[in-house]
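Here is what each chain is made of, one letter per residue.
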Protein chains: 2
Amino acid sequence: MTEGSLADTNPNNTALLDSWRSNARRWTRAVRTGEIVSRISCTNDAILNAIKRLGPSRVLDLGCGEGWLCRSLTSAGISCTGIDASRELIEIARASDTQSWYVPLSYSELVRDAAPIGKDFDVIVANFSLLDATVEELFTALPKFSGARARLVIQTLHPFHIPGTYRTGWKEETFGGSGTSDWSPMPWYFRRLTDWIALLHPNWMLERMEEPQGANDAFPASLLLTASRNDKTAFCAQVR
Amino acid sequence: MTEGSLADTNPNNTALLDSWRSNARRWTRAVRTGEIVSRISCTNDAILNAIKRLGPSRVLDLGCGEGWLCRSLTSAGISCTGIDASRELIEIARASDTQSWYVPLSYSELVRDAAPIGKDFDVIVANFSLLDATVEELFTALPKFSGARARLVIQTLHPFHIPGTYRTGWKEETFGGSGTSDWSPMPWYFRRLTDWIALLHPNWMLERMEEPQGANDAFPASLLLTASRNDKTAFCAQVR
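These figures come from a predicted structure and were not determined experimentally.

Colleague: I'd love a proper account of the nonpolar core, names of residues and values included.
Modeller: Judged by nonpolar contacts, the single largest core of 140 residues is most densely connected at A:Leu62, A:Ile117, A:Phe139, B:Leu62, B:Ile117 and B:Phe139. In this structure, B:Phe139 is in contact with B:Leu130, B:Leu152, B:Ile154, B:Leu199, B:Leu200, B:Asn203 and B:Trp204, ignoring residues within four places of it in sequence.

Shown next as C-alpha coordinates:
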(Lines give C-alpha, C1' and ligand atoms only; values in the text may rest on other atoms or scores of the structure.)
Protein backbone atom coordinates (compact mmCIF):
# COMPACT_ATOMS: atom_id res chain seq x y z
CA MET A 1 0.00 0.00 0.00
CA THR A 2 1.47 3.36 -0.96
CA GLU A 3 1.32 6.43 1.27
CA GLY A 4 -2.07 8.06 1.20
CA SER A 5 -3.79 5.18 -0.46
CA LEU A 6 -6.01 4.48 2.56
CA ALA A 7 -7.37 8.02 2.39
CA ASP A 8 -8.26 7.41 -1.22
CA THR A 9 -9.96 4.05 -0.72
CA ASN A 10 -11.63 4.23 2.74
CA PRO A 11 -15.34 4.75 2.01
CA ASN A 12 -15.79 6.99 5.09
CA ASN A 13 -12.96 9.24 3.94
CA THR A 14 -14.62 9.49 0.52
CA ALA A 15 -18.01 10.29 2.09
CA LEU A 16 -16.32 12.88 4.33
CA LEU A 17 -14.87 14.69 1.31
CA ASP A 18 -18.21 14.43 -0.53
CA SER A 19 -19.97 16.07 2.45
CA TRP A 20 -17.60 19.06 2.32
CA ARG A 21 -18.18 19.45 -1.40
CA SER A 22 -21.92 19.32 -0.85
CA ASN A 23 -21.89 21.57 2.26
CA ALA A 24 -19.40 24.14 0.94
CA ARG A 25 -21.85 27.06 0.53
CA ARG A 26 -23.92 26.16 3.60
CA TRP A 27 -20.72 25.92 5.69
CA THR A 28 -19.47 29.26 4.38
CA ARG A 29 -22.73 30.91 5.47
CA ALA A 30 -22.48 29.26 8.91
CA VAL A 31 -18.92 30.53 9.44
CA ARG A 32 -19.43 33.99 7.99
CA THR A 33 -22.69 34.79 9.81
CA GLY A 34 -21.44 33.49 13.18
CA GLU A 35 -23.93 30.61 13.37
CA ILE A 36 -21.53 28.42 15.35
CA VAL A 37 -21.77 29.93 18.83
CA SER A 38 -18.65 28.28 20.31
CA ARG A 39 -16.50 29.74 17.52
CA ILE A 40 -17.63 33.23 18.42
CA SER A 41 -17.55 32.75 22.20
CA CYS A 42 -14.10 31.20 22.43
CA THR A 43 -12.55 28.90 19.83
CA ASN A 44 -11.78 31.54 17.15
CA ASP A 45 -9.89 33.70 19.64
CA ALA A 46 -8.21 30.63 21.11
CA ILE A 47 -6.68 29.44 17.83
CA LEU A 48 -5.62 32.96 16.81
CA ASN A 49 -3.95 33.56 20.18
CA ALA A 50 -2.22 30.15 20.09
CA ILE A 51 -0.71 30.97 16.68
CA LYS A 52 0.17 34.62 17.30
CA ARG A 53 1.90 33.73 20.59
CA LEU A 54 4.44 31.75 18.53
CA GLY A 55 5.32 34.80 16.39
CA PRO A 56 5.37 32.93 13.04
CA SER A 57 6.26 34.32 9.62
CA ARG A 58 4.75 31.52 7.52
CA VAL A 59 1.69 29.48 8.50
CA LEU A 60 0.25 26.43 6.74
CA ASP A 61 -3.49 25.99 7.39
CA LEU A 62 -4.48 22.34 6.93
CA GLY A 63 -8.15 22.06 5.92
CA CYS A 64 -8.55 25.82 5.55
CA GLY A 65 -12.17 25.61 4.40
CA GLU A 66 -13.62 28.94 3.25
CA GLY A 67 -10.48 30.69 4.52
CA TRP A 68 -11.52 32.34 7.79
CA LEU A 69 -8.25 31.58 9.59
CA CYS A 70 -5.97 32.51 6.65
CA ARG A 71 -7.80 35.84 6.24
CA SER A 72 -7.41 36.60 9.95
CA LEU A 73 -3.70 35.76 9.94
CA THR A 74 -2.95 37.60 6.70
CA SER A 75 -4.68 40.72 7.99
CA ALA A 76 -2.39 40.48 11.04
CA GLY A 77 0.65 40.50 8.75
CA ILE A 78 1.34 36.74 8.86
CA SER A 79 1.80 34.94 5.55
CA CYS A 80 -0.67 32.05 5.23
CA THR A 81 -1.02 29.12 2.84
CA GLY A 82 -4.29 27.18 3.05
CA ILE A 83 -4.98 23.75 1.63
CA ASP A 84 -8.30 21.94 1.43
CA ALA A 85 -9.47 18.81 -0.35
CA SER A 86 -12.71 20.56 -1.34
CA ARG A 87 -12.16 22.56 -4.56
CA GLU A 88 -15.49 24.26 -3.86
CA LEU A 89 -14.21 25.68 -0.56
CA ILE A 90 -10.86 26.69 -2.08
CA GLU A 91 -12.70 28.67 -4.78
CA ILE A 92 -14.82 30.42 -2.15
CA ALA A 93 -11.69 31.20 -0.10
CA ARG A 94 -9.85 32.63 -3.12
CA ALA A 95 -12.82 34.81 -4.05
CA SER A 96 -12.68 36.59 -0.65
CA ASP A 97 -8.93 36.83 -0.18
CA THR A 98 -6.25 37.61 -2.74
CA GLN A 99 -3.47 37.89 -0.13
CA SER A 100 -3.31 34.28 1.11
CA TRP A 101 -2.22 31.36 -1.06
CA TYR A 102 -4.92 28.68 -1.43
CA VAL A 103 -4.25 25.24 -2.90
CA PRO A 104 -6.85 22.52 -3.58
CA LEU A 105 -5.06 19.53 -2.07
CA SER A 106 -6.09 16.56 0.05
CA TYR A 107 -3.90 15.37 2.94
CA SER A 108 -3.00 12.21 1.01
CA GLU A 109 -1.99 14.31 -2.00
CA LEU A 110 0.12 16.51 0.30
CA VAL A 111 1.81 13.42 1.77
CA ARG A 112 2.70 12.22 -1.75
CA ASP A 113 3.97 15.58 -3.02
CA ALA A 114 4.36 18.80 -1.03
CA ALA A 115 5.85 20.79 -3.92
CA PRO A 116 2.63 22.82 -4.54
CA ILE A 117 2.79 24.45 -1.09
CA GLY A 118 6.50 25.22 -0.68
CA LYS A 119 8.32 24.65 2.61
CA ASP A 120 9.85 26.17 5.77
CA PHE A 121 6.55 26.80 7.57
CA ASP A 122 6.95 28.01 11.18
CA VAL A 123 3.47 26.96 12.24
CA ILE A 124 1.26 24.24 10.81
CA VAL A 125 -2.31 24.57 12.04
CA ALA A 126 -5.35 22.31 11.85
CA ASN A 127 -8.47 24.05 13.17
CA PHE A 128 -11.24 21.43 13.58
CA SER A 129 -10.00 19.92 10.33
CA LEU A 130 -8.41 16.56 11.17
CA LEU A 131 -11.57 14.64 10.51
CA ASP A 132 -10.43 11.49 8.75
CA ALA A 133 -8.88 8.26 9.99
CA THR A 134 -5.47 8.64 8.37
CA VAL A 135 -3.66 11.41 10.21
CA GLU A 136 -0.55 9.35 11.11
CA GLU A 137 1.06 9.63 7.69
CA LEU A 138 0.25 13.36 7.53
CA PHE A 139 1.97 14.02 10.89
CA THR A 140 4.98 11.98 9.75
CA ALA A 141 5.23 13.99 6.51
CA LEU A 142 4.96 17.48 8.06
CA PRO A 143 8.67 17.79 9.01
CA LYS A 144 9.49 17.59 5.27
CA PHE A 145 8.15 21.10 4.76
CA SER A 146 8.49 22.72 8.20
CA GLY A 147 11.52 24.28 9.90
CA ALA A 148 13.41 22.55 12.75
CA ARG A 149 11.71 24.82 15.31
CA ALA A 150 8.23 24.55 13.77
CA ARG A 151 5.13 24.13 15.91
CA LEU A 152 2.04 22.09 15.15
CA VAL A 153 -1.18 23.64 16.50
CA ILE A 154 -4.33 21.51 16.57
CA GLN A 155 -7.79 22.54 17.71
CA THR A 156 -10.40 19.82 17.90
CA LEU A 157 -13.70 19.01 19.59
CA HIS A 158 -13.18 18.53 23.33
CA PRO A 159 -13.55 14.80 24.11
CA PHE A 160 -16.22 15.70 26.67
CA HIS A 161 -18.57 16.21 23.74
CA ILE A 162 -18.29 12.72 22.35
CA PRO A 163 -21.70 11.47 21.21
CA GLY A 164 -22.25 8.04 22.79
CA THR A 165 -19.54 5.73 24.07
CA TYR A 166 -15.99 7.04 24.47
CA ARG A 167 -14.19 4.94 21.88
CA THR A 168 -12.05 6.03 18.97
CA GLY A 169 -13.90 5.47 15.69
CA TRP A 170 -16.17 6.89 13.03
CA LYS A 171 -19.13 9.07 14.09
CA GLU A 172 -21.67 11.09 12.11
CA GLU A 173 -22.31 14.83 12.34
CA THR A 174 -25.78 15.88 11.21
CA PHE A 175 -25.31 19.62 11.83
CA GLY A 176 -28.28 20.14 14.09
CA GLY A 177 -30.16 16.90 13.59
CA SER A 178 -32.29 15.25 10.98
CA GLY A 179 -34.73 18.18 10.74
CA THR A 180 -32.28 20.39 8.84
CA SER A 181 -32.44 19.51 5.19
CA ASP A 182 -29.85 21.92 3.88
CA TRP A 183 -26.84 19.99 5.27
CA SER A 184 -25.38 16.68 4.11
CA PRO A 185 -24.39 14.45 7.05
CA MET A 186 -20.62 14.22 7.56
CA PRO A 187 -18.79 11.10 8.76
CA TRP A 188 -15.88 12.04 11.04
CA TYR A 189 -13.30 10.11 12.99
CA PHE A 190 -13.42 10.69 16.75
CA ARG A 191 -10.17 10.22 18.71
CA ARG A 192 -9.87 9.77 22.46
CA LEU A 193 -7.52 12.16 24.20
CA THR A 194 -5.04 9.32 24.55
CA ASP A 195 -5.04 8.76 20.82
CA TRP A 196 -4.37 12.44 20.06
CA ILE A 197 -1.35 12.36 22.36
CA ALA A 198 -0.11 9.06 20.88
CA LEU A 199 -0.54 10.45 17.34
CA LEU A 200 1.96 13.20 18.06
CA HIS A 201 4.72 10.71 18.82
CA PRO A 202 7.32 10.11 17.55
CA ASN A 203 7.55 13.21 15.36
CA TRP A 204 6.03 15.82 17.67
CA MET A 205 6.33 16.61 21.38
CA LEU A 206 3.38 18.10 23.29
CA GLU A 207 4.38 21.51 24.56
CA ARG A 208 1.10 22.94 25.75
CA MET A 209 -2.52 21.92 26.16
CA GLU A 210 -5.45 24.33 26.38
CA GLU A 211 -9.17 23.80 26.87
CA PRO A 212 -10.94 26.91 25.57
CA GLN A 213 -14.11 27.42 27.59
CA GLY A 214 -16.62 30.26 27.40
CA ALA A 215 -16.79 32.37 30.56
CA ASN A 216 -20.34 31.18 31.29
CA ASP A 217 -19.97 27.60 30.06
CA ALA A 218 -19.82 24.58 32.37
CA PHE A 219 -17.52 22.65 30.02
CA PRO A 220 -14.75 23.46 27.55
CA ALA A 221 -15.65 23.77 23.88
CA SER A 222 -12.42 22.45 22.48
CA LEU A 223 -9.03 20.90 23.03
CA LEU A 224 -6.05 22.87 21.75
CA LEU A 225 -2.64 21.22 21.45
CA THR A 226 0.66 22.92 20.63
CA ALA A 227 3.55 20.60 19.81
CA SER A 228 7.14 21.13 18.74
CA ARG A 229 9.20 18.88 16.49
CA ASN A 230 10.59 15.97 18.42
CA ASP A 231 13.88 16.03 16.58
CA LYS A 232 16.53 15.05 19.11
CA THR A 233 19.46 16.15 16.99
CA ALA A 234 18.02 19.62 16.34
CA PHE A 235 16.86 19.95 19.98
CA CYS A 236 20.20 19.03 21.51
CA ALA A 237 22.09 21.23 19.04
CA GLN A 238 20.10 24.18 20.49
CA VAL A 239 21.05 23.20 24.05
CA ARG A 240 24.81 23.13 23.45
CA MET B 1 7.01 31.76 52.51
CA THR B 2 9.14 28.64 52.92
CA GLU B 3 8.70 25.48 50.88
CA GLY B 4 5.77 23.44 52.04
CA SER B 5 4.35 26.15 54.21
CA LEU B 6 1.16 26.47 52.15
CA ALA B 7 0.42 22.78 52.67
CA ASP B 8 0.70 23.32 56.40
CA THR B 9 -1.51 26.38 56.60
CA ASN B 10 -4.20 25.93 53.89
CA PRO B 11 -7.38 24.94 55.80
CA ASN B 12 -8.52 22.62 52.99
CA ASN B 13 -5.20 20.76 53.07
CA THR B 14 -5.59 20.37 56.84
CA ALA B 15 -9.17 19.11 56.48
CA LEU B 16 -8.00 16.72 53.74
CA LEU B 17 -5.43 15.16 56.06
CA ASP B 18 -7.96 15.03 58.91
CA SER B 19 -10.39 13.12 56.66
CA TRP B 20 -7.76 10.45 55.93
CA ARG B 21 -7.00 10.07 59.61
CA SER B 22 -10.70 9.70 60.34
CA ASN B 23 -11.42 7.43 57.34
CA ALA B 24 -8.32 5.21 57.69
CA ARG B 25 -10.12 2.02 58.83
CA ARG B 26 -13.18 2.59 56.64
CA TRP B 27 -10.92 3.19 53.62
CA THR B 28 -8.90 0.06 54.35
CA ARG B 29 -12.09 -2.01 54.38
CA ALA B 30 -13.22 -0.40 51.09
CA VAL B 31 -9.92 -1.21 49.36
CA ARG B 32 -9.47 -4.67 50.80
CA THR B 33 -13.01 -5.91 50.16
CA GLY B 34 -13.13 -4.54 46.60
CA GLU B 35 -15.90 -2.00 47.33
CA ILE B 36 -14.58 0.42 44.72
CA VAL B 37 -15.77 -1.17 41.49
CA SER B 38 -13.57 0.85 39.11
CA ARG B 39 -10.44 -0.29 40.96
CA ILE B 40 -11.36 -3.91 40.41
CA SER B 41 -12.61 -3.49 36.84
CA CYS B 42 -9.67 -1.53 35.51
CA THR B 43 -7.65 1.01 37.50
CA ASN B 44 -5.68 -1.46 39.70
CA ASP B 45 -4.47 -3.41 36.68
CA ALA B 46 -3.79 -0.18 34.79
CA ILE B 47 -1.41 1.27 37.39
CA LEU B 48 0.37 -2.07 37.92
CA ASN B 49 0.88 -2.52 34.17
CA ALA B 50 2.08 1.07 33.76
CA ILE B 51 4.74 0.53 36.44
CA LYS B 52 5.81 -3.00 35.48
CA ARG B 53 6.21 -1.96 31.83
CA LEU B 54 9.02 0.37 32.98
CA GLY B 55 10.94 -2.51 34.62
CA PRO B 56 11.89 -0.58 37.78
CA SER B 57 14.04 -1.78 40.69
CA ARG B 58 12.97 0.85 43.23
CA VAL B 59 9.53 2.47 43.38
CA LEU B 60 8.38 5.34 45.58
CA ASP B 61 4.61 5.30 46.24
CA LEU B 62 3.38 8.80 47.11
CA GLY B 63 0.26 8.62 49.28
CA CYS B 64 0.48 4.85 49.68
CA GLY B 65 -2.53 4.63 51.99
CA GLU B 66 -3.07 1.15 53.46
CA GLY B 67 -0.36 -0.19 51.17
CA TRP B 68 -2.20 -2.04 48.39
CA LEU B 69 0.14 -0.91 45.63
CA CYS B 70 3.36 -1.47 47.61
CA ARG B 71 2.22 -4.97 48.53
CA SER B 72 1.44 -5.77 44.89
CA LEU B 73 4.81 -4.47 43.69
CA THR B 74 6.82 -6.13 46.44
CA SER B 75 5.18 -9.47 45.73
CA ALA B 76 6.25 -9.01 42.10
CA GLY B 77 9.87 -8.59 43.23
CA ILE B 78 9.99 -4.78 42.98
CA SER B 79 11.30 -2.87 46.00
CA CYS B 80 8.73 -0.31 47.18
CA THR B 81 8.84 2.59 49.63
CA GLY B 82 5.47 4.11 50.57
CA ILE B 83 4.86 7.45 52.23
CA ASP B 84 1.59 8.82 53.57
CA ALA B 85 0.70 11.81 55.71
CA SER B 86 -1.76 9.67 57.68
CA ARG B 87 0.08 7.83 60.48
CA GLU B 88 -3.04 5.70 60.92
CA LEU B 89 -2.78 4.38 57.34
CA ILE B 90 0.99 3.83 57.62
CA GLU B 91 0.43 1.70 60.73
CA ILE B 92 -2.22 -0.37 58.93
CA ALA B 93 0.11 -0.78 55.92
CA ARG B 94 3.03 -1.89 58.11
CA ALA B 95 0.84 -4.42 59.92
CA SER B 96 0.06 -6.23 56.63
CA ASP B 97 3.44 -6.00 54.93
CA THR B 98 6.88 -6.36 56.43
CA GLN B 99 8.65 -6.34 53.05
CA SER B 100 7.93 -2.77 51.90
CA TRP B 101 9.30 0.31 53.65
CA TYR B 102 6.57 2.61 54.96
CA VAL B 103 7.26 6.15 56.22
CA PRO B 104 4.72 8.53 57.78
CA LEU B 105 5.50 11.69 55.82
CA SER B 106 3.45 14.46 54.25
CA TYR B 107 4.38 15.86 50.85
CA SER B 108 5.45 19.14 52.42
CA GLU B 109 7.67 17.26 54.87
CA LEU B 110 9.15 15.30 51.96
CA VAL B 111 9.85 18.54 50.07
CA ARG B 112 11.70 19.92 53.11
CA ASP B 113 13.73 16.77 53.81
CA ALA B 114 13.83 13.59 51.74
CA ALA B 115 16.45 11.86 53.92
CA PRO B 116 13.90 9.44 55.51
CA ILE B 117 13.10 7.79 52.18
CA GLY B 118 16.54 7.47 50.52
CA LYS B 119 17.06 8.21 46.82
CA ASP B 120 17.64 6.84 43.30
CA PHE B 121 14.04 5.77 42.70
CA ASP B 122 13.36 4.54 39.13
CA VAL B 123 9.62 5.13 39.32
CA ILE B 124 7.68 7.57 41.48
CA VAL B 125 3.98 6.77 41.50
CA ALA B 126 0.91 8.62 42.75
CA ASN B 127 -2.21 6.47 42.51
CA PHE B 128 -5.27 8.70 43.11
CA SER B 129 -3.22 10.43 45.79
CA LEU B 130 -2.42 13.95 44.55
CA LEU B 131 -5.41 15.46 46.28
CA ASP B 132 -4.17 18.77 47.63
CA ALA B 133 -3.55 22.15 46.03
CA THR B 134 0.23 22.23 46.38
CA VAL B 135 1.65 19.67 43.99
CA GLU B 136 3.98 22.09 42.15
CA GLU B 137 6.67 22.09 44.84
CA LEU B 138 6.46 18.30 45.17
CA PHE B 139 7.03 17.79 41.41
CA THR B 140 9.95 20.22 41.53
CA ALA B 141 11.53 18.32 44.46
CA LEU B 142 11.19 14.79 43.00
CA PRO B 143 14.39 14.93 40.86
CA LYS B 144 16.38 15.31 44.10
CA PHE B 145 15.74 11.66 44.94
CA SER B 146 15.11 10.04 41.56
CA GLY B 147 17.57 8.84 38.90
CA ALA B 148 18.17 10.75 35.64
CA ARG B 149 16.02 8.24 33.72
CA ALA B 150 13.25 8.07 36.34
CA ARG B 151 9.58 8.06 35.37
CA LEU B 152 6.68 9.72 37.17
CA VAL B 153 3.43 7.74 36.93
CA ILE B 154 0.19 9.44 37.98
CA GLN B 155 -3.28 7.96 38.04
CA THR B 156 -6.13 10.32 38.80
CA LEU B 157 -9.88 10.67 38.33
CA HIS B 158 -10.71 11.14 34.64
CA PRO B 159 -11.78 14.76 34.13
CA PHE B 160 -15.04 13.48 32.59
CA HIS B 161 -16.18 12.74 36.12
CA ILE B 162 -15.89 16.27 37.42
CA PRO B 163 -18.83 17.09 39.69
CA GLY B 164 -20.33 20.38 38.46
CA THR B 165 -18.55 23.00 36.39
CA TYR B 166 -15.21 22.14 34.79
CA ARG B 167 -12.92 24.49 36.66
CA THR B 168 -9.80 23.75 38.67
CA GLY B 169 -10.48 24.15 42.39
CA TRP B 170 -11.54 22.51 45.63
CA LYS B 171 -14.39 19.95 45.58
CA GLU B 172 -15.82 17.67 48.26
CA GLU B 173 -16.02 13.86 48.15
CA THR B 174 -18.76 12.41 50.34
CA PHE B 175 -18.06 8.73 49.52
CA GLY B 176 -21.53 7.79 48.39
CA GLY B 177 -23.53 10.79 49.55
CA SER B 178 -24.83 12.23 52.76
CA GLY B 179 -26.66 9.03 53.74
CA THR B 180 -23.46 7.21 54.65
CA SER B 181 -22.48 8.10 58.18
CA ASP B 182 -19.32 6.05 58.48
CA TRP B 183 -17.24 8.31 56.20
CA SER B 184 -15.90 11.80 56.90
CA PRO B 185 -16.25 14.09 53.84
CA MET B 186 -12.93 14.78 52.10
CA PRO B 187 -12.02 18.08 50.43
CA TRP B 188 -9.94 17.47 47.28
CA TYR B 189 -8.44 19.68 44.64
CA PHE B 190 -9.73 19.00 41.11
CA ARG B 191 -7.43 19.85 38.19
CA ARG B 192 -8.47 20.25 34.57
CA LEU B 193 -6.54 18.15 32.08
CA THR B 194 -4.71 21.27 30.99
CA ASP B 195 -3.53 21.91 34.53
CA TRP B 196 -2.18 18.36 34.92
CA ILE B 197 -0.15 18.77 31.74
CA ALA B 198 1.09 22.22 32.80
CA LEU B 199 2.06 20.87 36.25
CA LEU B 200 4.52 18.44 34.67
CA HIS B 201 6.51 21.25 33.09
CA PRO B 202 9.29 22.21 33.45
CA ASN B 203 10.63 19.19 35.36
CA TRP B 204 8.78 16.37 33.61
CA MET B 205 7.91 15.56 30.01
CA LEU B 206 4.70 13.67 29.15
CA GLU B 207 5.65 10.38 27.53
CA ARG B 208 2.37 8.51 27.47
CA MET B 209 -1.28 9.06 28.32
CA GLU B 210 -3.78 6.29 29.05
CA GLU B 211 -7.48 6.34 29.85
CA PRO B 212 -8.30 3.06 31.59
CA GLN B 213 -11.88 2.11 30.75
CA GLY B 214 -13.81 -1.02 31.72
CA ALA B 215 -14.77 -3.20 28.76
CA ASN B 216 -18.47 -2.49 29.29
CA ASP B 217 -18.16 1.14 30.40
CA ALA B 218 -19.18 4.10 28.24
CA PHE B 219 -16.49 6.35 29.73
CA PRO B 220 -12.97 5.95 31.09
CA ALA B 221 -12.54 5.62 34.86
CA SER B 222 -9.21 7.38 35.11
CA LEU B 223 -6.44 9.32 33.48
CA LEU B 224 -2.97 7.77 33.65
CA LEU B 225 0.10 9.85 32.82
CA THR B 226 3.67 8.60 32.46
CA ALA B 227 6.35 11.28 32.31
CA SER B 228 10.12 11.23 32.11
CA ARG B 229 12.51 13.77 33.61
CA ASN B 230 12.81 16.79 31.39
CA ASP B 231 16.49 17.21 32.08
CA LYS B 232 17.99 18.52 28.85
CA THR B 233 21.60 17.92 29.84
CA ALA B 234 20.98 14.31 30.84
CA PHE B 235 18.72 13.71 27.81
CA CYS B 236 21.17 15.07 25.27
CA ALA B 237 24.08 13.23 26.89
CA GLN B 238 22.16 9.99 26.12
CA VAL B 239 21.71 11.03 22.48
CA ARG B 240 25.40 11.61 21.84
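Colleague: Pulling in residues and values, what's your account of the sheet that holds strand E2 (residues 79-84) of chain A?
Modeller: All names here are of chain A. Here seven strands make up an open sheet; going across it, the order is E3-E2-E1-E4-E5-E9-E8 and the pairing mixed. The two strands at the open ends of the sheet, each matched to only one other strand, are strand E3 (101-104) and strand E8 (204-210). Each neighbouring strand pair of the sheet contributes to a mean axis angle of 20°, computed without reference to strand direction. One ladder, built from five bridges, connects strand E1 (residues 58-62) with E2; its direction is parallel. Pairing of Leu60 across the sheet is with Thr81, part of E2.

Colleague: Tell me what's going on with the relation of the copies chain A and chain B, and back it up with residues and numbers.
Modeller: Rotating chain A by 180° and translating it 0.0 Å along the rotation axis places it on chain B, where the RMSD comes to 0.0 Å. As the rotation angle and translation indicate, the two copies are arranged about a two-fold axis. An overlap of 100% is found between the interface residues of chain A and their copies at the interface of chain B, pointing to a shared contact surface.

Colleague: Can you tell me about the environment of B:Pro56, naming the residues and giving the values?
Modeller: Residues and elements named next belong to chain B. In this structure, Pro56 sits in the loop between helix H3 (37-52) and strand E1 (58-62). Pro56 sits in the buried class, given a relative accessible area of 10%. Distance in space between the C-alpha atoms of Pro56 and Arg151 is 9.3 Å, their sequence separation being 95 residues. The residues touching Pro56, leaving out its near neighbours within four places in the chain, are Ile51, Ile78, Asp122 and Val123.

Colleague: Before we move on, could you go through the interface of chain A and chain B and cite the residues and values that matter?
Modeller: Accessible area lost during the coming together of the parts is what is often quoted as the interface size. Across the boundary between the two partners, chain A contributes 32 residues, which contact 32 residues of chain B. Together, the buried faces of chain A and chain B total about 2,500 Å²; carbon and sulfur atoms form 63% of this surface. The three residues of chain A that bury the most area against chain B are A:Phe160, A:Tyr166 and A:Glu211, which together make up 21% of that side's buried surface. Seen at the junction of chain A and chain B, the total is zero salt bridges. Counting the contacts that link chain A with chain B gives 14 residue pairs in polar contact (both at pLDDT 80 or more).

Colleague: Can you lay out the confidence of the model for chain A for me, pointing to particular residues and giving the numbers?
Modeller: When pLDDT is averaged across chain A, the result is 90; 90% of the residues are at 70 or more. Interface scoring of the predicted complex returns ipTM 0.87; its pTM is 0.90.

Colleague: Which residues make up the sheet that holds strand E5 (residues 146-157) of chain B, and what values do they have?
Modeller: Hydrogen bonds between backbone groups are what pair the strands of a sheet, and the pairing can be parallel or antiparallel. All names here are of chain B. Taken in spatial order, the seven strands of this open sheet run E3-E2-E1-E4-E5-E9-E8, and their pairing is mixed. If you trace the sheet from one side to the other, it starts and ends with strand E3 (101-104) and strand E8 (204-210), each paired once. This sheet shows a mean twist of 20° between the axes of neighbouring strands, independent of strand direction. Relative to the sheet, helix H4 (residues 68-75) contacts E1, strand E2 (79-84), E3 and strand E4 (121-127), its axis offset from that of E2 by approximately 170°. Contacting E2 and E3, helix H5 (residues 87-96) crosses the sheet at an angle of about 165° to E3.

About the criteria used
- Residues numbered from 1 in each chain as written.
- Chains lettered and ligands numbered in written order.
- Predicted model: local features only at pLDDT ≥ 70, side-chain atom pairs only at ≥ 80, totals over all residues.
- Heavy atoms only, no water.
- Core = buried A, V, L, I, M, F, W, Y, C linked by side-chain atoms within 4.5 Å.
- Buried < 20%, exposed > 50% of the residue type's maximum accessible area, 1.4 Å probe, protein only.
- Contact = heavy atoms within 4.5 Å.
- Pairing = 2+ DSSP bridges.
- Helix = DSSP H or I, 4+ residues; strand = E, 2+ residues; numbered from the N terminus.
- Axes fitted to C-alpha atoms, helices over the stretch in contact; angles between N-to-C directions.
- Least-squares fit on C-alpha atoms with pLDDT ≥ 70 in both.
- Buried area = accessible area lost by both parts, 1.4 Å probe.
- Salt bridge = Lys/Arg side-chain N within 4 Å of Asp/Glu carboxyl O.
- Polar contact = N/O pair within 3.5 Å; in protein donor to acceptor, adjacent residues only side chain to side chain.
- pLDDT = per-residue confidence, 0-100.

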